[in-house]
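# Secondary and tertiary structure notes
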Amino acid sequence: MDLYDILCPYKYNDHLKAHPLSNYNKQDFLFMEGDLVREIFLVAEGRVKIGFYDNEGNEQVIAFLGRGEILGEKALFGESRYKEFAQVVADHTMICKLRLDKARELARDYVPFSLTLTKRFGERMQRLERRLQILLFKDTRQRLVEFLKDLCRDIGTPSRTGVKIMLEITQSDIAALIGSSRKTVSLLFTDLEEAGLVKFYGRKEIYVPDVEKLE
């Protein structure tokens, strides 16, 4: 979401003067489960992990959000407390904060903001529904392939020879997202690399030569 595009430049710059972007580092929390919703957050740069802790105290990851993603928007649909936690996973993550009362005012009085917010909320619900279907009906290898396809579509950089993906998450994080273990994900990545379907450059860059072949 580009607030500069949704709001006029004057309003956006005026907001930043009064509320400068906040800088967070890896492991910092934006909010915890059960906290009262007082603000909504926009990721300007970096990466944020959304999740919750189950009854045994294990961390369950729901999503990783990057530039342009919004957090806490469910408050505009009646949620008064956060049902998940939000934790920064990349140093120097920049967050734009918007007070809940101001966000409600914008959603009520400024149509472009309201429409964009509703569209984003719907898109996220569709992604979560798709992820649930994948978890229920596909094996681990297929779940990893679907995850890679989504990365190619959402954050990949296309070129004439394939798609480059810059990751700010670990194999353990990927395992949590697809309902598997880090060891299994590592073995599957090795299989995909030996088959020529993916290539790795260091720990943070994945290259997919042919997305259709991967599918």
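This text goes with the structure placed above it.
Parameters at a glance
Residues numbered from 1 in each chain as written. Predicted model: local features only at pLDDT ≥ 70, side-chain atom pairs only at ≥ 80, totals over all residues. Heavy atoms only, no water. Pairing = 2+ DSSP bridges. Helix = DSSP H or I, 4+ residues; strand = E, 2+ residues; numbered from the N terminus. Contact = heavy atoms within 4.5 Å. Axes fitted to C-alpha atoms, helices over the stretch in contact; angles between N-to-C directions. Salt bridge = Lys/Arg side-chain N within 4 Å of Asp/Glu carboxyl O. Buried < 20%, exposed > 50% of the residue type's maximum accessible area, 1.4 Å probe, protein only. Parallel < 35°, antiparallel > 145°, perpendicular 65-115°, else oblique. Nonpolar A, V, L, I, M, F, W, Y, C, P; charged D, E, K, R; others polar. Phe/Tyr/Trp six-rings, centres within 6.5 Å; stacked < 30°, edge-to-face > 60°.

Attention now goes to the sheet that holds strand E3 (residues 39-45). The sheet built from 4 strands is open, its strands ordered E1-E8-E3-E6 with antiparallel pairing. Of all strands in the sheet, those bounded by a partner on one side alone are strand E1 (22-24) and strand E6 (70-71). As paired strands, E3 and strand E8 (residues 93-99) are joined by 6 bridges and run antiparallel to one another. Opposite Glu39, over in E8, you have Arg99 as the bridge partner. Packed on one face of the sheet, helix H3 (residues 100-109) meets E3 and E8 and runs near 70° to E8.

Applying the stated criterion across every chain yields a total of 11 salt bridges. The closest approach of N and O atoms between Lys102 and Glu105, which form a salt bridge, is 3.6 Å. Residue Lys102 and its partner Glu105 are both found in helix H3; the two are separated by 3 residues, about one turn of the helix. Residue Glu105 is classed as partly exposed on the basis of its relative accessible area of 36%.

Read from one edge of the open sheet, 4 strands run E9-E10-E12-E11, paired in antiparallel fashion. Looking at strand neighbours, the two that pair on one side only are strand E9 (157-159) and strand E11 (199-201), the edges of this open sheet. Direction aside, neighbouring strands of the sheet carry axes that sit 25° apart on average. One ladder, built from 3 bridges, connects E9 with strand E10 (residues 162-166); its direction is antiparallel. Its bridge partner lying in E10, Pro158 is registered against Val163. In the packing of helix H5 (residues 140-154) onto the sheet, contacts are made with E10 and strand E12 (205-208), and the angle to E10 comes to roughly 90°.

With that settled, consider the pairing of strand E5 (residues 59-65). The sheet contact formed by strand E4 (residues 48-53) and E5 spans 6 bridges and is antiparallel. Pairing of Phe52 across the sheet is with Gln60, part of E5. Following E4, the chain reverses through 5 residues before pairing antiparallel with E5; Gly57 in that reversal takes a positive phi of roughly 85°.

Even without glycine at this site, Gln27 takes up a positive phi of about 85°. Along the polypeptide, Gln27 turns up in the loop between E1 and strand E2 (29-31). The backbone of His92 shows a phi angle near 60°, a positive value even though the residue is not glycine. Mapping His92 onto the fold places it in the loop between strand E7 (85-88) and E8. By relative accessible area, His92 is classed as exposed at 56%.

It is worth spelling out the packing of H5 against helix H7 (residues 182-194) at this point. Two numbers describe how H5 lies on H7: the axes approach to 10 Å, and their chain directions differ by 70°. The orientation of H5 with respect to H7, classified from their angle, is roughly perpendicular. Counting all contacts with H5, which are made through Thr140, Arg141, Leu144 and Leu148, the residues of H7 involved are Thr184, Val185, Leu188, Phe189, Asp191 and Leu192. In terms of residue class, the contact of H5 with H7 is made up of 6 nonpolar, 2 polar and 2 charged.

Looking now at the environment of Arg47. Inspection of the secondary structure puts Arg47 in the loop between E3 and E4. Judged by relative accessible area, which is 16%, Arg47 ranks as buried. As for Arg47 and Gly66, which are separated by 19 residues in sequence, their C-alpha atoms are 4.6 Å apart. Residues contacting Arg47, with those up to four places away along its chain left out, are Phe64, Leu65, Gly66, Val88, Val89, Ala90, Thr93, Ile155 and Glu168.

Right, let's get into the packing of aromatic side chains. Summed over the entire model, instances satisfying the criterion amount to 5 aromatic pairs. Judged by centre distance (5.1 Å) and plane angle (90°), the ring pair of Phe189 and Phe200 falls under edge-to-face. You can see Phe189 sitting in helix H7 and its partner Phe200 sitting in strand E11, a full 11 residues away along the chain. Assessed through its relative accessible area of 26%, Phe200 is described here as partly exposed. Members of the aromatic cluster, connected to one another through ring pairs, are Phe29, Tyr53 and Phe85.

Read these as layout, nothing more, since geometry by itself doesn't imply function.
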